Amino acid sequence: MASDLLKLEWRGPLAIITMQRAGRLNALPDLDDGQAFETVCRQINETPAARCALLLAEGRAFSAGGDLRAMSERRDLFAGTGTDIRERYRRVVHRIVRAVHELEVPLIAGVNGPAMGLGCDLAGLADIRIASSEARFGVPFLKLGIIPGDGGAWLLPRHIGHARAAQMLFTGESIEAERALKWGLVNEVVPPEALRQTCEAWAARITDKPPQALRMAKALLRQGREASFEQMLELSAAMQALAHLSEDHLEGVEAVLEKRPARFTGA
């Protein structure tokens, strides 16, 4: 059966992705979820007019992470030999995180409630995270006798530093939204009823920018995590040359000179 997890809607240049497995606290992943994320993210990447994506979740949790009953019964993702499980992690879990990581447009995550395990790391793949005051973040893998199998041990220290990531991982304790804000894991904390409106307001500040330059700017930020300064200078020069040749660049300059809002088209 196809994944029941994701719904994709468009509001102009904004792609809204909603996890809609509320009855299971948006547990991740079922065996078809990797394909679902890959399909949705590819569709956004292949839409030239797309300028921003918003990841939301229905119900009271952003995602509770892995299905504990499936773990207990050693079925689905967790069935078979160690080799079987390894291959499913690569084909399902890693497919999810690769698809979201490779999303070319800026991604905003609206974290409405608990984001645990893979759910926490999924939120961490977003470029901007807005949290409800009811949100909590945790990586309780060690409480279950397992380790982060989704790349979270690479991702989390880059957001909050090694010592704080170690604290969360080694103790298995979750943190509340305000501490996540203090630690730099989220950009803003808002009341639950204001979460979607706030996310859409952030998206509006992004979707008025030129779409191709947005994609290049995101690529530069991502490359900057690993590249040397010299490599970044070369990459920046190449991308800047392309940007200077765009019609959107001329429109941006004229808009500033004429003291009016720019009208970017992607040309």
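What comes next is a walk through the structure. (Residues numbered from 1 in each chain as written. Predicted model: local features only at pLDDT ≥ 70, side-chain atom pairs only at ≥ 80, totals over all residues. Heavy atoms only, no water.)

### Looking at the sheet that holds strand S3 (residues 52-57)
Point 1. Read across the open sheet, the six strands follow the order S1-S2-S3-S4-S6-S9; overall the sheet is mixed. Bordering the open sheet on either side are strand S1 (6-11) and strand S9 (188-190), each of which pairs with just one other strand. With direction set aside, neighbouring strand axes in the sheet form an average angle of 20°.
Point 2. As judged from the three bridges shared by strand S6 (residues 128-132) and S9, these two strands associate in the parallel manner. When the sheet's bridge partners are listed, Ile 130 is paired in S9 with Glu 188. (Pairing = 2+ DSSP bridges. Helix = DSSP H or I, 4+ residues; strand = E, 2+ residues; numbered from the N terminus. Axes fitted to C-alpha atoms, helices over the stretch in contact; angles between N-to-C directions.)

### Details of the pairing of strand S4 (residues 107-111)
Point 1. Burial of S4 is extensive: five of the five residues sit out of reach of the surface.
Point 2. Burial along S4 is two-sided: the residues Leu 107, Ala 109 and Val 111 and Ile 108 and Gly 110 are all buried.
Point 3. Of the strand pairs in this sheet, S3 and S4 are connected by three bridges, and their pairing is parallel. Counterpart to Leu 55 in the pairing with S4 is Ala 109.
Point 4. Relative to S6, S4 runs parallel, the two being bridged by four bridges. When the sheet's bridge partners are listed, Val 111 is paired in S6 with Ala 131. (Buried < 20%, exposed > 50% of the residue type's maximum accessible area, 1.4 Å probe, protein only.)

### Observations regarding the environment of Trp 183
Point 1. Looking at the element boundaries, Trp 183 is found in helix H7 (residues 177-183).
Point 2. For Trp 183 and Asn 112, which are 71 residues apart along the polypeptide, the C-alpha to C-alpha distance reads 18 Å.
Point 3. In this structure Trp 183 touches His 159, Ile 160, Arg 164, Gln 167, Met 168 and Ile 175, once residues within four positions along its chain are discounted. (Contact = heavy atoms within 4.5 Å.)

### Thoughts on the nonpolar core
Point 1. Counting 55 residues, the largest nonpolar core has Met 19, Phe 37, Ile 44, Phe 62, Leu 122 and Phe 137 as the members making the most contacts within it.
Point 2. Broken down by element, the residue count for this core peaks at six residues, all from helix H3 (residues 82-101).
Point 3. If near-sequence neighbours (up to four positions away) are discounted, Phe 37 is found in contact with Leu 5, Leu 6, Met 19, Leu 28, Ile 96, Ala 99, Val 100 and Leu 122.
Point 4. With 16 residues, the next largest nonpolar core counts Leu 54, Cys 199, Ile 206 and Leu 214 among its residues. (Core = buried A, V, L, I, M, F, W, Y, C linked by side-chain atoms within 4.5 Å.)

Geometric descriptors of this kind do not, in isolation, establish any biological role.
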